Amino acid sequence: MAKTFEVNKTIKEINERIKNGKAVVVNAEEMVEIVRSKGKVEAAKEIDVVTTGTFSPMCSSGLLFNIGQEPPTMKTSEVWLNNVPCYAGIAAADSYIGVTEPAEDDPLNKVYPGRFAYGGGHVIEDLIAGKTVRLKAKAYGTDCYPRKEIEKDITLKDLPNAIMLNPRNCYQNYNCAVNMTSRTIYTYMGPLKANQRNANYATAGQLSPLFNDPYLKTIGLGTRIFLAGAKGYVIGAGTQHVKNPARNERGIPLGGSGTLMIKGNLEGMDPRYFRGLSFQGYGCTASVGIGIPIPILNEEMAWFTGVSDADIQMPVKDYGYDYPNGIGRALAHVTFEELKSGEITVNGKVIPTVPMTSHVMSLEIADKLKSWIQKGDFLLTEPVEEIEST
Amino acid sequence: MTENKNFNKIVHLSFPPTVSGRPVICNLGKLYNLSFNILKADINPRHEGSMTLEIMGPEEEFHKGLNYIKENGIKVIPVTQKISRDEESCMHCGMCLAMCPTGALSLDMDTRKVLFELDKCTACGMCTKVCPVNAMENDPQEKENRTT
């Protein structure tokens with residue numbers, strides 16, 4: 001049985017209001033106070049769209065690109081961009097470059113902890129910024145594709161197709177990482193000092209997309225989003241998506257759970273919202289700026305988007321011993337509000353907290369998406385297919 | 001803060017190969033009313049050396065002591081010129097906070113921006129290694145390593 005609501009809006013109606021410049025749009029931080037003071041029903045009547053934003057390291061990201069043909073034709077089998085290896089086991093001129101791929105001559109962790117100065121994420125950032133990138137490709141040569149080598153400088157404009165294609169973005173909740181061993185370790189959660197002397201945490205909390213729609217009721221295949229400064233799309237659940245996680249009474253998952261697969265054209269993206277990263281001792285990755293609009297179709301969506309940092313619990317996990325050994329235990333659950341306060345207490349020990357997601361940038365993204373919608377430049381879409389989340 | 005008694009400044013010293021064999025720094029305490037704390041040192045005979053020093057004492061003595069160091073052929077660079085932040089590049093994520101030993105890098109609780117207070121910086125260089133976008137720069141050479 002479908003639930004009945006006091007407030008019932010459709011995406012079509014909201015889009016009409018956007019087109020007429022009448023839609024009421026707020027960011028997810030502003031919505032917290034609105035729902036708190038007016039209640040969910042009033043909030044649902046008043047607000048049409050809540051914009052979310054996040055700017056966080058998202059390792060499962062990359063670029064699908066086509067280099068075009070320059071006779072004699074070529075079926076590339078090995079491809080590099082700025083000496084970063086790409087995957088070329090697809091059609092003749094297609095390749096994929098992932099953000100965690102280091103440059104071929106990178107010393108990696110041979111001198112520990114390595115610097116990982118340049119990788120796939122940096123290549124993509126350079127392309128978005130309009131910089132010149134060195135393309136190198138090799139092939140074994142066939143009757144239809146005789147060319148065996150090519151090497152030239154290219155920019156984004158020279159690529160007939162350049163599509164950001166991210167298998168797993170927007171993790172709904174994540175671990176807060178500490179290190180219980182007696183030496184500093186270098187992880188994808190950043191450097192963790194010995195004996196729990198720092199606790200590193202990610203996500204944008206109450207601004208984060210999937211905390212504002214915890215059951216993915218409005219986000220599905222075909223949802224139009226802000227992706228790195230341009231328009232992109234959700235194309236389904238991401239890899240490792242967990243559809244039925246343990247949740248708190250507000251529906252917020254208690255650990256890493258929902259994920260999204262994302263795509264978008266590189267053209268029009270802004271290098272401010274896509275940054276190649278070097279994690280000392282760990283590797284290369286990239287921060288991806290994503291903003292998702294949540295249509296306030298009814299009071300239930302108003303309630304969900306009213307989520308505050310205090311409503312979000314994150315598991316604290318040991319990355320020194322537990323994580324590498326596949327032990328999933330949580331040392332404690334702390335709220336996002338506590339994490340943002342600068343310190344948490346775990347088993348009686350006070351630990352300074354260190355954010356990895358830029359709150360400043362996450363808010364900027366939510367506000368940018370808000371202004372696009374207010375100006376009528378961005379319309380909402382009806383998902384073609386749901387992403388399962390119970 | 002009483003300016004005369006508690007004057008305290010962090011400086012970076014560069015020793016040419018010719019002076020690295022002679023005692024100079026200890027004279028800050030012997031000849032002047034200063035005390036010092038060595039934060040970082042890399043001194044080798046017949047090589048160019050470097051040292052990061054926190055000097056404490058009356059301001060007048062500090063300037064006399066600094067002149068004495070300079071007269072002895074040692075180059076004095078204020079630490080504030082050693083570490084800098086590329087404001088365009090910094091995305092205010094906060095990862096550097098874990099490694100900063102002095103609190104020179106801190107989080108503004110209202111704006112959630114990362115603050116960088118030069119006068120607290122000892123130029124240890126930890127932030128330059130942890131910053132994922134290379135926004136914290138040690139010296140111009142560091143930056144060049146990032147190019148492709």
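Residues numbered from 1 in each chain as written. Chains lettered and ligands numbered in written order. Predicted model: local features only at pLDDT ≥ 70, side-chain atom pairs only at ≥ 80, totals over all residues. Heavy atoms only, no water.

A.B. asks: In this structure, what is going on with the overall build of chain B? I would like to understand it.
C.D. replies: A tally of regular secondary structure across chain B gives 4 helices and 8 strands. Across the 148 residues in chain B, those meeting the buried criterion constitute 47%. Here the analysis covers contacts within chain B between residues at least 6 apart in sequence; of these, 63% occur between residues at least 24 apart. Surface exposure of chain B reaches about 8,100 Å², of which carbon and sulfur atoms provide 49%. (Helix = DSSP H or I, 4+ residues; strand = E, 2+ residues; numbered from the N terminus. Buried < 20%, exposed > 50% of the residue type's maximum accessible area, 1.4 Å probe, protein only. Contact = heavy atoms within 4.5 Å. Areas by Shrake-Rupley, 256 points an atom, 1.4 Å probe, with all protein chains shown as cover.)

A.B. asks: Can you help me understand the domain arrangement of chain B in this one?
C.D. replies: Note on interface size: it is often stated as the accessible area lost on association of the parts. Residue and element names in this part refer to chain B. In terms of domain boundaries, chain B breaks down into domain 1 (7–80) and domain 2 (83–137). Between the C-alpha centres of domain 1 and domain 2 the distance comes to 26 Å. Counting from both sides, the interface comprises 6 residues of domain 1 and, opposite them, 7 residues of domain 2. Both sides together, the interface formed by domain 1 and domain 2 hides about 530 Å², and carbon and sulfur atoms give 60% of it. Between domain 1 and domain 2 we count 0 salt bridges in total. Of the residues in the side of domain 1 that touches domain 2, the class split is 3 nonpolar, 2 polar and 1 charged. (Domains from an automatic or database assignment. Buried area = accessible area lost by both parts, 1.4 Å probe. Salt bridge = Lys/Arg side-chain N within 4 Å of Asp/Glu carboxyl O. Nonpolar A, V, L, I, M, F, W, Y, C, P; charged D, E, K, R; others polar.)

A.B. asks: I'm lost on the side chain of Lys317 of chain A in this one. Help?
C.D. replies: Residue and element names in this part refer to chain A. Looking at the secondary structure, you find Lys317 in strand 22 (residues 313–318). Despite its burial, Lys317 remains without a salt bridge, the nearest opposite charge being carried by Asp322 at 8.7 Å. Here the side chain of Lys317 touches Gly328 through a polar contact of 3.3 Å, landing on its backbone oxygen. Contact partners of Lys317, with chain neighbours within four places excluded, come to Asn175, Cys176, Ala177, Val178, Gly328, Arg329, Ala330 and Leu331. (Lys, Arg positive; Asp, Glu negative; His and termini not counted. Polar contact = N/O pair within 3.5 Å; in protein donor to acceptor, adjacent residues only side chain to side chain.)

A.B. asks: I tried to follow the sheet that holds strand 4 (residues 75–78) of chain B on my own but got confused; where do I start?
C.D. replies: Each strand in a sheet pairs with another by means of backbone hydrogen bonds, the pair being arranged parallel or else antiparallel. Residue and element names in this part refer to chain B. With antiparallel pairing, the 4 strands of this open sheet are ordered in space as 2-3-1-4. Edge strands, defined here as strands with exactly one partner in the open sheet, are strand 2 (35–42) and strand 4. Pairs of neighbouring strands in the sheet enclose a mean axial angle of 30°, with direction left out of account. As defined by bridge partners, strand 1 (residues 8–15) adjoins strand 4 across 4 bridges and the pair is classed as antiparallel. Across the sheet, His12 pairs through a bridge with Ile77, a residue of strand 4. (Pairing = 2+ DSSP bridges. Axes fitted to C-alpha atoms, helices over the stretch in contact; angles between N-to-C directions.)

A.B. asks: Would you mind going over the interface of chain B and chain A with me for this structure?
C.D. replies: At the interface, 23 residues of chain B touch 29 residues of chain A. Roughly 2,200 Å² is buried in total at the junction of chain B and chain A, and carbon and sulfur atoms are behind 59% of that figure. The interface formed by chain B and chain A holds 7 residue pairs in polar contact (both at pLDDT 80 or more) in total. Looking at the side of chain B that touches chain A, its residues break down into 12 nonpolar, 7 polar and 4 charged.

A.B. asks: It is not clear to me how the pattern of salt bridges should be interpreted in this structure. Could you clarify?
C.D. replies: Pairs may arise between side chains of opposite charge once their charged atoms sit close together. Residue and element names in this part refer to chain A. Tallying each qualifying case throughout the model produces 24 salt bridges over all chains. Between Lys217 and Glu300 there is a salt bridge, with its nearest N and O atoms 4.0 Å apart. Residue Lys217 is located in the loop between helix 5 (209–212) and strand 15 (220–221), and its partner Glu300 is located in helix 6 (residues 299–305); the two are separated by 83 residues in the primary sequence. Residue class for Lys217 comes out partly exposed when judged on its relative accessible area of 41%.

A.B. asks: I'm lost on the packing of aromatic side chains in this one. Help?
C.D. replies: To describe a pair of aromatic rings, you give the distance between the ring centres and the angle between the ring planes. Residue and element names in this part refer to chain A. This model, assessed by the stated rule, comprises 15 aromatic pairs over all chains. Here Tyr112 and Tyr186 contribute two aromatic rings whose centre-to-centre distance is 5.5 Å and whose plane-to-plane angle is 85°, an arrangement assigned as edge-to-face. One end of the pair, Tyr112, is in the loop between strand 7 (94–98) and helix 4 (120–128); the other, Tyr186, is in strand 12 (residues 185–187), with 74 residues separating them in the sequence. With a centroid separation of 6.1 Å and 25° between ring planes, the pair formed by Trp372 and Phe378 is classed as stacked. The exposure class of Trp372 is buried, given its relative accessible area of 13%. (Phe/Tyr/Trp six-rings, centres within 6.5 Å; stacked < 30°, edge-to-face > 60°.)

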